[in-house]
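Single-letter residue listing:
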Amino acid sequence: MQFLCKEYADGNPRVRSLVAETRIHLVPALNPDGYELAREAGSELGNWALGHWTEEGYDLFENFPDLASALWAAEERKLVPHKFPNHHIPIPEHYLAEDATVAVETRAVMAWMDKNPFVLGANLQGGEKLVSYPFDTARPVKEVPAGARGIPDDYEDANPELQETPDHAIFRWLAISYASAHLTMTETFRGGCHTQDMTDAMGIVQGAKWHPRAGSMNDFSYLHTNCLELSLYLGCDKFPHESQLQQEWENNKEALLTFMEQVGAGPGRAQAPVPALPTLHSSSPHTQVHRGIKGVVTDQQGEPIANATIVVGGINHHVMTGKEGTGGGQGWHRATSSLSAPPPGSAGDYWRILNPGEYRVWARAEGFNPSVKTCSVYYDIGATHCNFVLARSNWQRILEIMAMN
C-alpha cells in the first residue's frame, strides 16, 4: 500500500497506470485476533499454528459454505444447469442462520464480496512458498462397480478426487504468472518448507492435491461470485523477523505487480458505452484482471442490462453483468487483496479473464433474445472489448402490452 502511494506520487508510470485503470481493495488483516497473538510471541517464540485461528476458534479460510460439494451432487442428479446453476450458486439458508457456526469475519467478507463485483482476488498467507488455486475441495470418490476394469496406477487422471475447475487453464496461468515473477518460489533445489515439494518445482499446485479441504474462500469466491481467487503462500516463515521483511518484500514485489497488471484495461479503442473500472481484491495487490474480454450489455435503447449472463464457449462456468448500485468491472482483493468494480450505478458491464485465443461468447438475459459473437484475446496486456445489444423477445413484448391493458 505504501509502495503504491509513494510510487504514484513520484510519477512512476507503471504504478500510475495500474492505479488509474484498476480499483484495488486491500484488507491488511482478515484475522486481527490471530495476528495479535502471533505478534506478541514474535518470530522467535511463535510456531506455525500460533494465530492461525480466531479467538472463537475458527479457521477463517475454511469457514465458507461448501458450494463445490453441492454442485457435484447436483451434477450426479443431472440437475446442472437447468435446475441448479454452474455459477453464482446461492448460499444455503442454514448457513445464514443466526445460530450457524460462522465467524463474524466470514460473514463480513461474504457481504463484501456480494457488494463489490470482484474479478480477481488473492489471500496472502505464510508457512509455505507456493501459489494454490481451486478447487480446494476433494470430490468424493465414485464407487467402482464389481468387475469393472481398473485404471493403471500411473494414469495421471486416475485420482478422481482432483476435480479441476472449468477455468483450470486460466487459474494455472494466473498462478504461474505470480510464481515465475517471485524471486525464489520456483527454485528447483528448495523442496517444500515442511515436506516434499508438491509443486514439481513450478511453485504452483491445485489446492485439493496439496491440502484438500471443503468450504475454502477460494472455492466459495469462484462458485458464488465472478471472482477468480488464489492463495499466495509467501514464505516458509509465517512470522518473519523484522530484519527479514525488506528481503521478503523484494521477493514478492514484482510478482504482486505482475499479477495485478493482468486485470487492467490496457491499450486500444473502446466501443461505447465503456465499462467501468475492473475490481481487484487482496491482502496485497495484483492485476491479471486486464487479460480477457470486457464490455457492456445493453438493450436496443442503450440502457444497460443488469444480471445478464455471459457464456464463453468451452468453459462451463459463466459470469454476470453488474447489478444496479454495484457496477461491474475489474477488481482485486484481500490479506486478503482484490481488484474490484467501478462506482455504484454502472450496471450491465462485465469482465471475463481468459487466456489468449478465439472464443464464441453469448450474452443472455431474461426477457431478451440471446446474442452471440466471436471475441479474440491477444497476448498483449489489455482486455478485448466485446459489447452486446439485446433485443426484447416477442413473448416479453406481449407480456408488456398485456400489462398495459
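Further up the page is the structure itself.
Owing to the predicted nature of the structure, the values given are computational and were not obtained by experimental measurement.

**Looking at the packing of aromatic side chains**
For any pair of aromatic rings, geometry is given as the distance between the ring centres together with the angle between the planes. For the structure shown, the criterion picks out eight aromatic pairs. With a centroid separation of 5.3 Å and an interplanar angle of 85°, the aromatic rings of Trp72 and Phe135 are classed as edge-to-face. With Trp72 in helix H4 (residues 67-76) and Phe135 in the loop between strand S2 (128-133) and helix H7 (168-181), the pair connects residues that are 63 residues apart, well separated along the chain. Residue classification places Trp72 among the buried residues on the basis of a relative accessible area of 4%.

**A few points about the pattern of salt bridges**
Tallied over the full model, the rule gives eight salt bridges. A salt bridge links Glu76 to Arg139, with the shortest nitrogen-to-oxygen separation between them at 3.2 Å. With a gap of 63 residues between them, Glu76 in helix H4 and Arg139 in the loop between S2 and H7 connect regions that are remote in the sequence. Asp167 serves as the salt-bridge partner of Arg352, at 3.0 Å between the closest nitrogen and oxygen. Residue Arg352 is found in strand S11 (residues 349-353), and its partner Asp167 is found in the loop between S2 and H7; the two are separated by 185 residues along the sequence. Across this residue pair, the class does not change: Arg352 and Asp167 are buried.

**Observations regarding the nonpolar core**
Core analysis: the largest hydrophobic core is formed by 71 residues, its most contacted members being Val131, Leu230 and Val297. Of the residues forming this core, the biggest block, seven residues, is contributed by H7. Shared between two domains, this core holds at least three residues of each, these being domain 1 (31-140 + 161-261) and domain 2 (293-327 + 343-404). Apart from residues no more than four positions distant in its own chain, Val131 is found in contact with Ala175, Tyr178, Ala179, Met185, Gly203, Ile204, Val205, Leu230, Ser231 and Leu232.

Cut-offs used in this document
Residues numbered from 1 in each chain as written. Predicted model: local features only at pLDDT ≥ 70, side-chain atom pairs only at ≥ 80, totals over all residues. Heavy atoms only, no water. Phe/Tyr/Trp six-rings, centres within 6.5 Å; stacked < 30°, edge-to-face > 60°. Helix = DSSP H or I, 4+ residues; strand = E, 2+ residues; numbered from the N terminus. Buried < 20%, exposed > 50% of the residue type's maximum accessible area, 1.4 Å probe, protein only. Salt bridge = Lys/Arg side-chain N within 4 Å of Asp/Glu carboxyl O. Core = buried A, V, L, I, M, F, W, Y, C linked by side-chain atoms within 4.5 Å. Domains from an automatic or database assignment. Contact = heavy atoms within 4.5 Å.

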